[in-house]
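A closer look at the structure
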Amino acid sequence: MTTTQKRFCGIDLGSRSVKVVILSEQGVEDVTMYNTIDFYRQFGRKVNDEFKVDFTKLQLQNVEGITSTGYGRNTLKLAGASQIAELEAHLLGAIYQVGLKDFTLLDLGGQDSKVIQVRDHKMVDFITNDKCAASSGRFLENMATVLGIPLEDLAEHYEHPVELNATCAVFGESELIGKISEGYSKEELAAGINDTIVKRVEPLLLKLHSDTIIFTGGVAKNQGIYQLLKQRMNAEIIIPEYPEFNGAIGAAYKQFHD
């Protein structure tokens with residue numbers, strides 16, 4: 001007799017993208033990413049105080065339950081879905097993906113950053129920053145545009161970084177233009193941009209220190225930042241299989257406990 005596996009859906013309503021994950025007892029079955037604006041336009045509409053999603057169009061009709069989290073969770077409630085706080089979702093996602101009980105989670109997303117200290121599977125302290133984009137994917141995108149290279153190229157460089165000190169994204173662009181005029185190579189400038197991200201999160205990681213750092217969020221796909229973190233932090237740096245889907249995975253995983 002065949003036993004049907006329970007399947008749960010997690011939706012991370014990010015500022016730049018919406019991540020959808022299907023999780024079963026066998027593991028991650030499917031991951032899909034949508035541009036946030038396109039998601040809202042194509043898959044639903046607001047009814048009263050809720051956003052009514054066409055789950056059939058998203059092919060989510062065969063799941064036991066749906067849980068939402070993320071940047072948009074507080075401003076937009078998905079009809080027919082339960083909700084989970086963003087920090088808890090990312091904590092659970094990291095625990096599920098890596099299987100450790102003690103670590104510090106570094107999540108760098110499109111417009112915000114999070115550092116969570118975890119002991120015995122529980123969050124004991126955290127620091128978040130959603131007021132400034134200077135340590136996020138948006139900052140990297142803007143700086144790559146100023147430098148005139150694709151974001152993928154920017155992510156490759158970490159050797160001989162140019163010193164960049166501006167702590168504001170707007171001033172950072174002005175400083176970068178000044179460095180360009182001084183004749184530094186694109187490789188050195190790209191490494192310097194990546195190094196500014198590491199310098200901004202380093203004090204937070206030292207404050208919430210662990211021997212292991214789990215690096216998630218879309219920025220975790222930047223190999224330059226990963227290499228610079230390895231150089232500067234006295235810790236093992238682990239990037240899980242689905243770094244940018246970590247929050248959605250945690251939202252889905254939560255339902256296995258409820």
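Structure: above.
These remarks concern the structure in this document. Predicted, not measured: the structure shown is a model, and the values here were computed from it.

Scoring rules and cut-offs
Residues numbered from 1 in each chain as written. Predicted model: local features only at pLDDT ≥ 70, side-chain atom pairs only at ≥ 80, totals over all residues. Heavy atoms only, no water. Helix = DSSP H or I, 4+ residues; strand = E, 2+ residues; numbered from the N terminus. Rg over C-alpha atoms; globule rule 2.2 N^0.38 Å. Buried < 20%, exposed > 50% of the residue type's maximum accessible area, 1.4 Å probe, protein only. Contact = heavy atoms within 4.5 Å. Areas by Shrake-Rupley, 256 points an atom, 1.4 Å probe, with all protein chains shown as cover. Lys, Arg positive; Asp, Glu negative; His and termini not counted. Charge placed at Lys NZ, Arg CZ, Asp CG, Glu CD. Pairing = 2+ DSSP bridges. Salt bridge = Lys/Arg side-chain N within 4 Å of Asp/Glu carboxyl O. Phe/Tyr/Trp six-rings, centres within 6.5 Å; stacked < 30°, edge-to-face > 60°. Axes fitted to C-alpha atoms, helices over the stretch in contact; angles between N-to-C directions. Parallel < 35°, antiparallel > 145°, perpendicular 65-115°, else oblique. Left-handed = near helix turned anticlockwise from the far one by under 90°. Nonpolar A, V, L, I, M, F, W, Y, C, P; charged D, E, K, R; others polar.

Time to look at the overall build of the chain. The number of helices and strands found in the chain is 8 helices and 13 strands. Computed over its C-alpha atoms, the radius of gyration of the chain comes to 19 Å, within 12% of the 18 Å expected for a compact globule of 258 residues. In terms of overall dimensions, the chain has a C-alpha envelope of 70 × 40 × 30 Å along the principal axes. The buried share of the chain, reckoned over its 258 residues, is 50%. Partitioning the intrachain contacts of the chain with sequence separation of at least 6 by distance along the chain shows that 63% fall at a separation of at least 24. Total accessible area computed for the chain in this model is approximately 12,600 Å², and 47% of it derives from carbon and sulfur atoms. Taken together, the 26 basic and 35 acidic charged side chains of the chain have centroids lying 6 Å from each other.

Across the sheet, which stays open at both edges, the 3 strands sit in the order β4-β5-β7 with mixed pairing between neighbours. Whereas interior strands pair on both sides, the edge strands pair on one side only; in this sheet they are β4 (44–47) and β7 (77–78). The pairing of strand β5 (residues 50–53) with β7 spans 2 bridges and is classified as parallel. Bridge assignment links Glu 50 to a residue of β7, and that residue is Lys 77.

All right, on to the environment of Thr 212 then. Within the secondary structure, Thr 212 is located in strand β12 (residues 212–216). Since its relative accessible area comes to 13%, Thr 212 is described here as buried. Put simply, Thr 212 and Ile 84 are 128 residues apart on the chain and 25 Å apart in space, counted from C-alpha to C-alpha. Setting aside residues no more than four positions away along its own chain, Thr 212 makes contact with Leu 100, Asp 102, Phe 103, Thr 104, Ala 235, Glu 236 and Ile 238.

The next point concerns the side chain of Lys 179. In this structure, Lys 179 sits in helix α5 (residues 169–181). Look at Lys 179: it is buried, it has no salt bridge, and the nearest opposite charge is Glu 182 at 4.2 Å.

Going through the model one piece at a time under the given rule, you end up with 7 aromatic pairs. Here Phe 39 and Tyr 40 contribute two aromatic rings whose centre-to-centre distance is 5.8 Å and whose plane-to-plane angle is 70 degrees, an arrangement assigned as edge-to-face. The exposure class assigned to Tyr 40 is partly exposed, which follows from its relative accessible area of 21%. Through pairs of rings, three or more aromatic residues link up here, namely Tyr 34, Phe 39, Tyr 40, Phe 43 and Phe 51.

The next subject is the packing of helix α6 (residues 186–207) against helix α7 (residues 223–232). Orientation of α6 relative to α7, taken along the N-to-C sense of each, is 50 degrees, at an axis distance of 9 Å. The orientation of α6 relative to α7 falls into the category oblique. Judged by the twist between their axes, the crossing of α6 over α7 is right-handed. Judged by residue contacts, Ala 191, Asn 194, Asp 195, Ile 197, Val 198, Lys 199, Val 201, Glu 202 and Leu 205 of α6 engage Gly 224, Ile 225, Leu 228, Leu 229 and Arg 232 from α7. Of the residues in the contact of α6 with α7, the class split is 8 nonpolar, 2 polar and 4 charged.

Moving on to the environment of Val 31. Topologically, Val 31 is positioned in strand β3 (residues 27–35). Spatially, the C-alpha atom of Val 31 lies 15 Å from that of Gly 14, the residues being 17 residues apart in sequence. Other than its neighbours up to four places away in sequence, Val 31 contacts Val 20, Val 21, Tyr 242 and Phe 245.

In this section: the sheet that holds strand β1 (residues 7–13). Strand order in the open sheet made by the 5 strands is β3-β2-β1-β6-β8, with mixed pairing throughout. In the strand order of this sheet, the two ends are held by β3 and β8 (82–83), each with one partner. Both strand β6 (residues 65–69) and β8 contribute to a ladder of 2 bridges, which runs parallel. Looking at the pairing, Ser 68 lines up with Gln 83 of β8. Sitting on the sheet, helix α8 (residues 246–254) touches β1, β2 (17–24), β3 and β6, and the angle it makes with β1 is about 140 degrees.

Mapped onto the secondary structure, Asp 12 falls in strand β1. In this structure, Asp 12 is buried with no salt-bridge partner, the nearest side chain bearing the opposite charge being Lys 19 at 4.1 Å. Apart from the residues lying within four places of it in its own chain, the contact partners of Asp 12 are Ser 17, Val 18, Lys 19, Thr 69, Gly 70, Tyr 71, His 90, Gly 247 and Ala 248.

Another point: the pattern of salt bridges. The final tally for this structure, using the stated rule, is 11 salt bridges. Measuring nitrogen to oxygen at the nearest pair gives 2.9 Å for the salt bridge that ties Glu 141 to Arg 16. Taken together, the residues span a long stretch of sequence, with Glu 141 in helix α3 (residues 137–147) and Arg 16 in the loop between β1 and β2 at a distance of 125 residues. With relative accessibility at 28%, the residue Arg 16 sits in the partly exposed group. Its salt-bridge partner being Asp 107, residue Lys 114 comes within 3.1 Å of it at the nearest N-O pair. In this pair, the class of Lys 114 matches that of Asp 107, namely buried. What you see here is one network of salt bridges that share partners, running through Glu 86, Asp 107, Asp 112 and Lys 114.

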